[in-house]
Amino acid sequence: MEHKNINLTLKVWRQQSTVSKGEFVTYQVKNISQEMSFLEMFDVLNEQLIQEDKEPIAFDHDCREGICGMCSMYIDGKPHGPWQANTTCQLHMRAFNDGDTITVEPWRAQAFPVLKDLVVDRTSFDRIIQAGGYVSVNTGNAVDGNSLPINKNDADASFAAAMCIGCGACVAACKNSSAMLFLSAKVSHLALLPQGDPERQSRVVNMVAQMDKEGFGACTNTGACEATCPKEISLSNIARLNQEYLLASFTSAE
Amino acid sequence: MLDAKIPAGSLENKWTDYKGHCKLVNPANKRKLEVIVVGTGLAGASAAATLGELGYKVKAFCFQDSPRRAHSIAAQGGINAAKNYQNDGDSVFRLFYDTIKGGDYRAREANVHRLSEVSGNIIDQCVAQGVPFAREYGGLLSNRSFGGTQVQRTFYAAGQTGQQLLIGAYQGLERQISLGNVTMYSRHEMLDIVMVDGKAQGIIARDLITGKLERHFGHAVLLCTGGYGNVFYLSTNAMGSNVTAAWKAHRKGAAFANPCFTQIHPTCIPVSGDHQSKLTLMSESLRNDGRIWVPLKQGDNRKPTDIPEEERDYYLERRYPAFGNLVPRDVASRAAKERCDAGYGVGTSKQAVYLDYAAAIERYGKIEVSKKGLANATKEEIIVLGKEVVKEKYGNLFDMYQKITGENPYEIPMRIYPAVHYTMGGLWVDYELQTSIKGVYALGEANFSDHGANRLGASALMQGLADGYFVIPYTIGNYLADEIYSKPISTDHPAFVETEKSVSDRIATLKGINGKQSVESFHKRLGKIMWDKCGMARNAQGLTEAIAEIQALKKEFWSDVKIPGGINEMNPELDKANRVADFIELGELMCKDALNRQESCGGHFREEYQTPEGEALRDDANFMYVAAWDYAGDSNWNLQKEPLIYDVIKPSQRNYK
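Residues numbered from 1 in each chain as written. Chains lettered and ligands numbered in written order. Predicted model: local features only at pLDDT ≥ 70, side-chain atom pairs only at ≥ 80, totals over all residues. Heavy atoms only, no water.

## Regarding the overall build of chain B
Selection rule: Strands are runs of DSSP state E lasting at least 2 residues, helices are runs of H or I lasting at least 4, and numbering of each runs from the N terminus. Note on method: radius of gyration uses C-alpha positions; expected globular size equals 2.2 Å times residues raised to 0.38. Think of it in three bands: residues with accessible area under 20% of the maximum for their type are buried, residues over 50% are exposed, and the middle band is partly exposed, with areas taken using a 1.4 Å probe on protein chains only. Should any heavy atoms of two residues lie within 4.5 Å, those residues are counted as being in contact. Here the positive residues are Lys and Arg and the negative ones are Asp and Glu; neither His nor the chain ends is included. Here the site of a charge means NZ on Lys, CZ on Arg, CG on Asp, or CD on Glu.
Along the backbone of chain B there are 18 helices and 22 strands. For 657 residues, the compact-globule formula gives about 26 Å, and the C-alpha radius of gyration of chain B, at 24 Å, lands near that figure. In terms of its C-alpha atoms, chain B occupies a principal-axis envelope of roughly 80 × 55 × 50 Å. Split into buried and exposed, the 657 residues of chain B put 66% on the buried side. Relative to all contacts within chain B whose residues are 6 or more apart in sequence, the contacts with residues 24 or more apart total 73%. Taking the average location of the 78 positive side-chain charges in chain B and that of its 78 negative ones, the two points are 2 Å from each other.

Structure follows, in structure tokens:
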């Protein structure tokens, strides 16, 4: 694979803490190999800042293989940058050309307050799961795994929804900062399986209520979330969520 | 003297007998007992959720922003269980046997048998939680084969099995949080264990957002903090994976067992340059269908697709006809290194071999053609259909490869090379998973007990969940039953005050060094020493040099490390400095352990000890023991030996030919 080294200008959001005022700061990085990942380019920049006695840029990252959901950069106006179905850590510098200026911001949403620089607080997602994103089964209760056959299409569709990595790109991409794609992925994952059936009504009602409480916005079906999702979670999950919610509101005993 | 507390009786009855006789804690007392769980991967999340369900008061800690991000999530291939759904001869005994043999006879029989016994329950539990495992058209669970075994016992969810299992455990954990049984502390890191009268009574943790130190009381502390592969700097571990919690326990008296047993995984994407921050695994499941080869001619620079069949060396199939490309990981890794060292490596670095899917694509294509009854299909049509099948099975892995390398693996063979992946060594634990500190337990990869000198594929997920769901709920009761008489001690107790002070002093010292070199640069240098001299092949001279080099590096670190930012704020460089300081000490111990073990076994290959064919040569007469090291001050350790006794299995030289 042909590759070369490039020079870039970076405009990065710096913010000392949740309460302080932030600003864009411009940096130059030189001789960046196109084989680097975007975060490795940030490693180079941070090393440069440390040598210049400046504070390095705080950013979230962990697995660097696109599955933990921790990395969260808003790159040139797109969560996780220009590549389709991709996370920031898997974005490689082949996506950029020599001389490019790249703007990097944190996720911007009321329910994801900035902690420092590019790091945001996504514990609101955990609280949405706490509201019902599980099957209430204690360890030791299970029957044999093959006692209940599950139609392969349903199992596959459930898996496709369960692939959500909880990164929050859907919220960051949405003009209303709605968490509907995230929530609908969990509702679909469990609603498509017989194990999730007994609690399907209370689950959807409680999770939606928690989402509203956290300050996420409303969904207007624009589809920016689906377009940006690193795991290509489908918009049809939102349709299923709405259907589940409607059904639960009509038939709920509570 | 270490006592493994292995129950008496026949191997297959030990665990049943133990469960029948261990002490129980009544529900009212459970509510008064507090348990600290550090780490929320498969072992930690499953333990925290299960103990919460039982009624214990649980506090769980993780350094990530959410428990769902722990590195268990990255496991790709699958989870083993002795279900024998395929009717292909599997059984609890066979899984037990394969694991002991795969571990090159350096694991405990009793622990491994228990693991094998509960393996089936794990699958049942996960299905009940709604884990969407792969299924057949009849609606039943699907299995695939994995390295080191001849049966199909691996359950999977595409190439994201770890993710799906962790989300199952995470959801169970979040449910207990919502019920108030577990309190979650994310973005927190454990920095020491608080000891009172020889027992663990809590931890000191640092809030990674504010930098503040916190004191937490617990009747017991569970370390579920994963492995220490990042001591090599480059590994398939997450960037944050670290040894710190385990190392703090070690320094407080927990023995560290078999630290030199590290697993180098054969199928990873090769290093592309000095900027490399981590290595990415390509699931072992790819070896099911892919064929591994190098050119027959040294330094052959032709494109792989231009090298004809007869000029390729499928070296695994040649050397190990019985297992072929499915030999265990340690064997496959060494064979790749052997070919590259001999000058047959490929790619620009020459440190890579090919993993080729052309044959599999054609084979699957032909099956599709016959299924669809296409009598006169052309070769092109066969290839198109075959690619579709491969895409369904491995699509996400192929996509990942393409993103990282910029090459299309459907057209050009993938380049792979071994990389550090897993650590079989860890905190020494007894049968109850208790370390040599009373009240401190180690679960999952953090302990040493189940995988011997080499772990088989799809067994890490099994062990993490076995420990958390099905072992610790019983064994911890046996300890806590006697703790109902001890009242929680106040966090103003002098032990808490002193331990917190020693932690804050260390942080102040680190920060006060004000040197010139970044934390990262030290970590890279440590990694290079470890990889060169304590990696896939080791020898006495290299290890002796490595120890001296690491000691010098430690000195340099503590006099010249540069940590920007403040102490009482979010400061990732400070977090990292704390971890790298511990990795440096661990690195020295690993080399010491590797030097002591004058034999080759599993992932530990001493060049001085090999058969004429270049296979690992064990020395059962002198080294059939667990090397458990006690910390005895700076660069000083005492060795305790726990003999390994094989009552059921007769150790032999592993043969995969």
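The discussion continues.
## Digging into the overall build of chain A
Just so we agree on the cut-off: The Shrake-Rupley method, run with a 1.4 Å probe sphere, supplies the accessible areas, and residue values consider only the shown protein chains as cover.
For chain A, the helix and strand inventory stands at 8 helices and 7 strands. Evaluated residue by residue, chain A yields a buried proportion of 58% over its 254 residues. For chain A, contacts bridging at least 24 residues in sequence account for 69% of all contacts bridging at least 6. Accessible surface for chain A amounts to roughly 10,100 Å². Of this, 49% is attributable to carbon and sulfur atoms. Within chain A, one finds 21 positive and 30 negative side-chain charges whose respective centroids are separated by 4 Å.

## A few points about the sheet that holds strand β5 (residues 154-155) of chain B
All names here are of chain B. This is how the line gets drawn: Paired strands, in this sense, are two strands between which DSSP finds at least two bridges.
Across the sheet, which stays open at both edges, the 3 strands sit in the order β3-β5-β4 with antiparallel pairing between neighbours. Each end of this open sheet is capped by a strand with a single partner; those strands are β3 (79-80) and β4 (143-144). Bridging between β3 and β5 involves 2 bridges; their strand directions are antiparallel. Across the sheet, the residue bridging to Ile79 is Phe155, located in β5.

## Concerning the pattern of salt bridges
Residue and element names in this part refer to chain B. Filter applied, for reference: For this document, the term salt bridge refers to a Lys or Arg side-chain nitrogen within 4 Å of an Asp or Glu carboxyl oxygen.
In the structure shown here, the tally under the stated rule is 73 salt bridges over all chains. Salt-bridge contacts for Lys5 lead to Asp430; the nearest nitrogen and oxygen are separated by 3.2 Å. Within this pair, whereas Lys5 is found in the segment before α1 (14-21), its partner Asp430 is found in the loop between β17 (426-427) and β18 (440-442), the two being separated by 425 residues in sequence. It is possible to trace a salt-bridge network through shared partners that takes in Asp104, Arg106, Asp330, Arg334, Arg597, Glu599, Arg618, Asp620 and Arg654.

## Notes on the interface of chain B and chain A
Rules: Buried area is calculated as the accessible area (1.4 Å probe) missing from two parts once they are joined, with the contributions of both summed. Counted as a polar contact is a pair of N or O atoms within 3.5 Å, where, for protein atoms, one must be capable of donating a hydrogen and the other of accepting one, and residues adjacent in sequence contribute only when both atoms are in side chains.
Contact residues are listed per partner, giving 79 residues for chain B and 74 residues for chain A. Counting each side, the surface lost to burial between chain B and chain A is near 6,200 Å², with a carbon and sulfur contribution of 51%. At the surface where chain B touches chain A, the tally comes to 7 salt bridges. For Arg187 of chain B, the salt bridge identified is with Asp60 of chain A, shortest N-O distance 2.8 Å. Put simply, chain B and chain A have 43 residue pairs in polar contact (both at pLDDT 80 or more) between them.

## Structural notes on the domain arrangement of chain B
Bring the parts together and some accessible area is lost; that lost area is often taken as the interface size. All names here are of chain B. Going by this rule: Domain boundaries shown here were taken from an automatic or database domain assignment.
We note that the domain assignment places domain 1 (265-420) and domain 2 (502-624) within chain B. On a C-alpha basis, the centroid separation for the pair domain 1 and domain 2 is 32 Å. Every contact between the two is made by 10 residues of domain 1 and, on the other side, 11 residues of domain 2. With both sides pooled, the region where domain 1 packs onto domain 2 buries about 790 Å², and carbon together with sulfur makes up 58% of that total. Of all residues in domain 1, Asp330, Arg334 and Lys337 bury the most surface against domain 2, accounting for 52% of the area lost on that side. Taken together, the connections running from domain 1 to domain 2 amount to 1 salt bridge. With a shortest N-O distance of 3.2 Å, Arg319 and Glu615 are connected by a salt bridge.

## Here's the deal with the sheet that holds β17 of chain B
All names here are of chain B. Taking strand neighbours across the sheet as the criterion, the 4 strands line up as β17-β11-β21-β22 in an open arrangement whose pairing is antiparallel. Strand pairing shows two members of the sheet lacking a second neighbour, β17 and β22 (637-643), which therefore form its edges. Sheet analysis places strand β11 (residues 256-257) next to β17, joined by 2 bridges and oriented antiparallel. Across the sheet, Phe256 pairs through a bridge with Leu427, a residue of β17.

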